[in-house]
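Spelled out from the first residue to the last, the chains are:
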Amino acid sequence: MADQAADAPIEGRRSDDVARRLLDRIRKGELRPGDRLPNERELAADLGVSRPVVREAISNLIGRGVVTPRGGSGSTVTAIGPAHVQESLALYLSGNALDYRSIHEVRELVETYAAGIAARRAQPDDVARLSALVERLEDERLDVAEHTRADVEFHAAITRLTGNEIFGLILASLHHGLVEVREHNLGLPVAHREAVRSHRAILEAITDGEEIAARTAMAAHLHAVFMFWQERG
């Protein structure tokens, strides 16, 4: 019994190593989304471990969403979609309780650059959508929740204009860490007025196709957001 208990941690380490090796094959493209994994016997012989170790490693990968079980026909490599990546990153950020400064620094990098690209690529329909969102943000008949939604949609729309899905994934993952900041700031009359002014400055630069001006306006807006949050009582 004692020997079996001692073997358990070793088997666990072996299964972790097998999972890492299989992940490495996926990263290198040796195994692609939709490919069926070799069966347990083949993997055990290939990797020099027992079938229970392989079984545990595959269970690990299934739990992480990397492979999908197919009943009696083994497992296949999963095509990980944007929603899964976004959820994983959002869970990481919330689980590690990162402070707002850390989130803000990443947001500055992504959104300032995205605003410049948006200025180069925006079409009349895109400008019209952004303009409508700024009008919603400015509408005093709407409450803070509606103003917050308009703010979120405005920034998401700019990020989509880059055509770079990774920007969108990062920004969407940061969203939960920004809700409290947005609601706090937009609930302050002076901060709300500044938000309307700065969003209009960003919109004007994008409308004119002025890349540098769009980046400058976005950077100024995000700096103001950070300062209002820092000054909260």
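Source: prediction; values computed, not measured.

Bringing the packing of helix α5 (residues 100-121) against helix α10 (residues 211-230) into the picture now. Here α5 crosses α10 at 155 degrees, and the two axes come no closer than 7 Å. As judged from the angle between their axes, α5 and α10 are roughly antiparallel. Like other packed secondary-structure pairs, α5 and α10 cross with a definite hand, here right-handed. Contacts from Tyr 100, Arg 101, His 104, Arg 107, Glu 108, Glu 111, Thr 112, Tyr 113, Ala 115, Gly 116, Ala 119 and Arg 120 in α5 reach Glu 211, Ala 214, Arg 215, Met 218, Ala 219, Leu 222, Val 225, Phe 226, Trp 229 and Gln 230 in α10. Residues of the contact of α5 with α10, tallied by class, amount to 11 nonpolar, four polar and seven charged.

The next thing to look at is the nonpolar core. If you look at the biggest cluster of nonpolar residues, it comprises 24 residues, and the most contacted ones within it are Leu 130, Phe 154, Ile 158, Ile 202, Ile 206, Ala 214 and Met 218. When contributions to this core are tallied by element, the ones reaching two or more residues are α5, α6 (124-138), α7 (144-160), α9 (189-207) and α10. The element that contributes the greatest number of residues to this core is α5, accounting for six residues. Contacts of Ile 202, omitting those with residues within four sequence positions, involve Phe 154, Ile 158, Ala 217, Met 218 and His 221.

The next point concerns the confidence of the model for the protein. Segments scoring low in pLDDT should not have their predicted coordinates read at a detailed level. Taken residue by residue, the protein gives an average pLDDT of 84. The fraction at 70 or more is 84%. Residue range residues 1-10 is modelled with pLDDT below 50. Its contacts to residues more than four positions away, or to other chains, number zero contacts.

Along the chain, Val 190 turns up in helix α9. Between the C-alpha atom of Val 190 and that of Phe 228, which follows or precedes it by 38 residues, the distance is 9.4 Å.

Between α6 and α9, the least distance of the axes is 10 Å, while the angle of their chain directions is 170 degrees. Regarding the angle of α6 to α9, the classification is roughly antiparallel. Here Val 127, Leu 130, Ser 131, Val 134, Glu 135, Leu 137 and Glu 138 of α6 lie close against α9, whose contacting residues are His 192, Ala 195, Val 196, His 199, Arg 200, Leu 203, Ile 206 and Thr 207. Here the contact of α6 with α9 is composed, by residue class, of eight nonpolar, four polar and three charged.

Now for empty space enclosed by the protein. Overall, the coordinates contain one cavity of 30 Å³ or more when judged by the stated rule. Roughly 140 Å³ of volume is contained in the largest cavity. Considering the residues around the largest cavity, the lining is formed by 15 residues, among which Asn 185, Leu 186, Ala 195, His 221 and Val 225 are closest to the centre. The greatest single-element share of the lining of the largest cavity, amounting to five residues, is contributed by α9.

Okay, helix α2 (residues 40-47) next. Looking at α2, one finds that the buried residues are Leu 43, Ala 44 and Leu 47. Across the axial projection of α2, the buried residues extend over an arc of 100 degrees, all falling on one side. With respect to the buried face of α2, the exposed residues turned more than 90 degrees away are Arg 41 and Ala 45. Taking the backbone nitrogen of Arg 41 as reference, a side-chain oxygen 3.2 Å away marks Asn 39 as the first, capping residue of α2. Of the residues flanking the end of α2, it is Gly 48, one or two places downstream, whose phi is positive at about 70 degrees.

What counts, and at which threshold
- Residues numbered from 1 in each chain as written.
- Predicted model: local features only at pLDDT ≥ 70, side-chain atom pairs only at ≥ 80, totals over all residues.
- Heavy atoms only, no water.
- Axes fitted to C-alpha atoms, helices over the stretch in contact; angles between N-to-C directions.
- Helix = DSSP H or I, 4+ residues; strand = E, 2+ residues; numbered from the N terminus.
- Parallel < 35°, antiparallel > 145°, perpendicular 65-115°, else oblique.
- Left-handed = near helix turned anticlockwise from the far one by under 90°.
- Contact = heavy atoms within 4.5 Å.
- Nonpolar A, V, L, I, M, F, W, Y, C, P; charged D, E, K, R; others polar.
- Core = buried A, V, L, I, M, F, W, Y, C linked by side-chain atoms within 4.5 Å.
- Buried < 20%, exposed > 50% of the residue type's maximum accessible area, 1.4 Å probe, protein only.
- pLDDT = per-residue confidence, 0-100.
- 1 Å grid on protein atoms, 1.4 Å probe; cavity = no way out; pocket = protein on both sides within 12 Å on 5 of 7 lines; lining within 4 Å.
- Points joined across faces, edges and corners; volume = space filled by probe spheres on them.
- Arc of directions from axis to C-beta.
- Polar contact = N/O pair within 3.5 Å; in protein donor to acceptor, adjacent residues only side chain to side chain.

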